[in-house]
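Residue strings, one per chain:
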Number of protein chains: 2
Amino acid sequence: MDSQPPQSESLRERKRRETLARIAETGLQMFIDNGYDATTLEAIAAEAGISARTFFYYFKTKEEILQHFQGSGFYEALRPAILAVSPDQPPLEAVRDVLLGMVSRYETERSIVIDRLLRSNEALRARKQATFALMETTIFEALCEVWPQPERRDEHRMVAILSIGMMRLGMELWRQDGGKRRMADYVGDSFARLQSGV
Amino acid sequence: MDSQPPQSESLRERKRRETLARIAETGLQMFIDNGYDATTLEAIAAEAGISARTFFYYFKTKEEILQHFQGSGFYEALRPAILAVSPDQPPLEAVRDVLLGMVSRYETERSIVIDRLLRSNEALRARKQATFALMETTIFEALCEVWPQPERRDEHRMVAILSIGMMRLGMELWRQDGGKRRMADYVGDSFARLQSGV
DNA sequence: TTGTATTTTTACAGTGACTGTAATTTTTTG
DNA sequence: CAAAAAATTACAGTCACTGTAAAAATACAA
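The rules we used
Residues numbered from 1 in each chain as written. Chains lettered and ligands numbered in written order. Predicted model: local features only at pLDDT ≥ 70, side-chain atom pairs only at ≥ 80, totals over all residues. Heavy atoms only, no water. Near = heavy atom within 4 Å. Polar contact = N/O pair within 3.5 Å; in protein donor to acceptor, adjacent residues only side chain to side chain. Helix = DSSP H or I, 4+ residues; strand = E, 2+ residues; numbered from the N terminus. Nonpolar A, V, L, I, M, F, W, Y, C, P; charged D, E, K, R; others polar. Phe/Tyr/Trp six-rings, centres within 6.5 Å; stacked < 30°, edge-to-face > 60°. Buried < 20%, exposed > 50% of the residue type's maximum accessible area, 1.4 Å probe, protein only. Lys NZ or Arg CZ within 6 Å of the ring centre and 35° of its normal. Expected span 1.5 Å × (residues − 1). Arc of directions from axis to C-beta. Contact = heavy atoms within 4.5 Å. Domains from an automatic or database assignment. Buried area = accessible area lost by both parts, 1.4 Å probe. Salt bridge = Lys/Arg side-chain N within 4 Å of Asp/Glu carboxyl O.

Under an unreviewed UniProt entry, chain A has the name AcrR family transcriptional regulator and belongs to Phyllobacterium myrsinacearum.

Written out as structure tokens, the structure is:
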């Protein structure tokens, strides 16, 4: 109907965005319904109305479908959030606050379902751990920008490892507890316990 | 020459052990020479003098060749070492001492080469992180046996995460430093720094 | 030694993720 | 509208890995 496409997004861009989203949604739903391993690329492509080859034009791997959902929301926001932190507080507390904010946004139905998928398969579990390692690196590098003194680099590494560790601990305790309280509470408690002496 | 096989090991067992070792050694050497991805299973099998199908009679996956070397030495010794610890000292110090002992035994030429391989490939890096996660679980469970009070379980989780974190930190610092001092020194320093207040 | 059970090895025929290539269609742009 | 750029597809291939069933090697008992 509009003969003038909105300047902000061309037909091409819109189609691309829609196709990407359709593949991801279709894939995730099929994973949930039938399991990750049992869902073939061919089936996802067919369901999404594209050829199998085209799938790889949008995603490098099957796993990347899940990374798509992990990525959107958590990992990408980490670096900017830390860079925006006030350099007056101690780094560990700064990172703690950033992570608490992100964790509380993370606790959605979808994330929980995806997490269950990530636990269902050996390779996916490994990828999940790798994501944490990536977050550590991201935190470390961001801290080095906020507090750039070279003699603090080792401290930054330590803070990055401890932060991700406490986040993982909190997430695990939350899971163990069946989600009675908010995930962020458990993460906050873990940080508190860490700081109250090891 | 001996018509009597030694009771301890039958022909079958010896051959099996030898074939397993031959596949692993051949595979590792070919990975080192030509890279992990560029080395096909078929090539390893051919070099080891077996059929491709027989490879999978010994290893479930190609990755398992590397796990074979990781496993022998580190992961398997972890649980018994912690179970043998004196319950008088604090858990964190106990685990620290265990890890320091294992790390000093770990720092061999072969381990370093394997570590380089594990860094060369995305999936392998992920597996490496997964191994650390597995060690955390092993430590946690062992601690729960040594100090079985239910109210200490969360503490044990914390100790497991912190220990593996400090070990990883030490290993990383050692690598960054080009191995001037022993790896165990860096790990020990990391633990010390952790305990001297976060 | 011989026969029989068990284990190991192999060939063969798949499946499924992923890649390279080159042709075709769709969208953009001048 | 024509030419460039991007998206889609078919097709053929590689490689890790699996299922199956038969053959070979080893163990064991009579």
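That covers the picture; the talk isn't over yet.
### Overview of the protein's contact with DNA strand C
Taken together, 20 residues are adjacent to DNA strand C, and K15(A), R53(A), T54(B), Y57(B) and Y58(B) come closest. When the atoms of DNA strand C within 4 Å of the protein are grouped by moiety, sugar and phosphate amount to 70% of the total. For DNA strand C, a phosphate oxygen lies 2.6 Å from a polar atom in the side chain of Y57(B). Between DNA strand C and Y58(B), the relevant distance is 2.6 Å, taken from a phosphate oxygen to a side-chain nitrogen or oxygen of the residue. With 4 residues, the top contributor of residues to the surface near DNA strand C is helix α3 (residues 52-58) of chain B. The residue inventory of the surface near DNA strand C, partitioned by class, reads 6 nonpolar, 6 polar and 8 charged.

### Re the packing of aromatic side chains
Residues and elements named next belong to chain A. Inspection of the entire model under this criterion finds 8 aromatic pairs over all chains. The interplanar angle of 25 degrees and the centroid separation of 5.6 Å between the aromatic rings of F55 and F59 together place this pair among those described as stacked. Given a relative accessible area of 3%, F59 falls into the buried group. Grouped by ring-pair contacts, the aromatic residues F55, F56 and F59 constitute a single cluster. Stacked on the ring of Y36, the Lys or Arg K62 has its end atom at 4.6 Å from the ring centre.

### Some details on helix α9 (residues 183-195) of chain B
Taking 1.5 Å of rise per residue, the 13 residues of α9(B) would be expected to cover 18 Å, and the 19 Å separating its terminal C-alpha atoms lies within 8% of that figure. By the burial criterion, the buried members of α9(B) are M183(B), A184(B), Y186(B), V187(B), S190(B), F191(B) and L194(B). Taken down its axis, α9(B) places every buried residue within 165 degrees of arc, on the same side. Packing partners of the buried residues in α9(B) comprise α8 (153-176) of chain A together with α5 (91-106) and α8 (153-176) of chain B. Looking one or two places after α9(B), you find G197(B), whose phi comes out positive at around 105 degrees.

### What about the domain arrangement of chain A?
All names here are of chain A. Per the domain assignment, the segments of chain A are domain 1 (11-58) and domain 2 (63-195). A C-alpha centroid distance of 28 Å is found between domain 1 and domain 2. Opposite the 12 residues of domain 1 that make contact, domain 2 presents 12 residues. The junction of domain 1 with domain 2 conceals about 1000 Å² of combined surface from both sides, 72% of it contributed by carbon and sulfur atoms. If you sort the residues of domain 1 by the area they bury against domain 2, A24, L28 and Y36 come out on top, with a joint share of 52%. E25 is the salt-bridge partner of R110, the closest N and O atoms lying 2.9 Å from each other. When residues of the side of domain 1 that touches domain 2 are assigned to their parent elements, the largest contribution, 7 residues, is made by helix α1 (residues 11-34). Taken together, the residues of the side of domain 1 that touches domain 2 sort by class into 9 nonpolar, 1 polar and 2 charged.

### Remarks on the interface of chain A and chain B
Each partner contributes residues to the interface: chain A has 26 residues there, and chain B has 26 residues. Counting the surface lost from both chain A and chain B, the interface buries some 2400 Å², and carbon and sulfur atoms represent 70% of this. Linking chain A with chain B are 4 salt bridges, by the criterion used here. The salt bridge partner of E122(B) is R127(A), with a shortest N-O separation of 3.3 Å. Between the two partners, chain A and chain B, sit 5 residue pairs in polar contact (both at pLDDT 80 or more). Taken together, the elements giving at least two residues each to the side of chain A that touches chain B come down to α7 (122-146), α8 and α9 (183-195) of chain A. In terms of residue count, the dominant contributor to the side of chain A that touches chain B is α8(A) (13 residues). By residue class, the composition of the side of chain A that touches chain B is 13 nonpolar, 4 polar and 9 charged.

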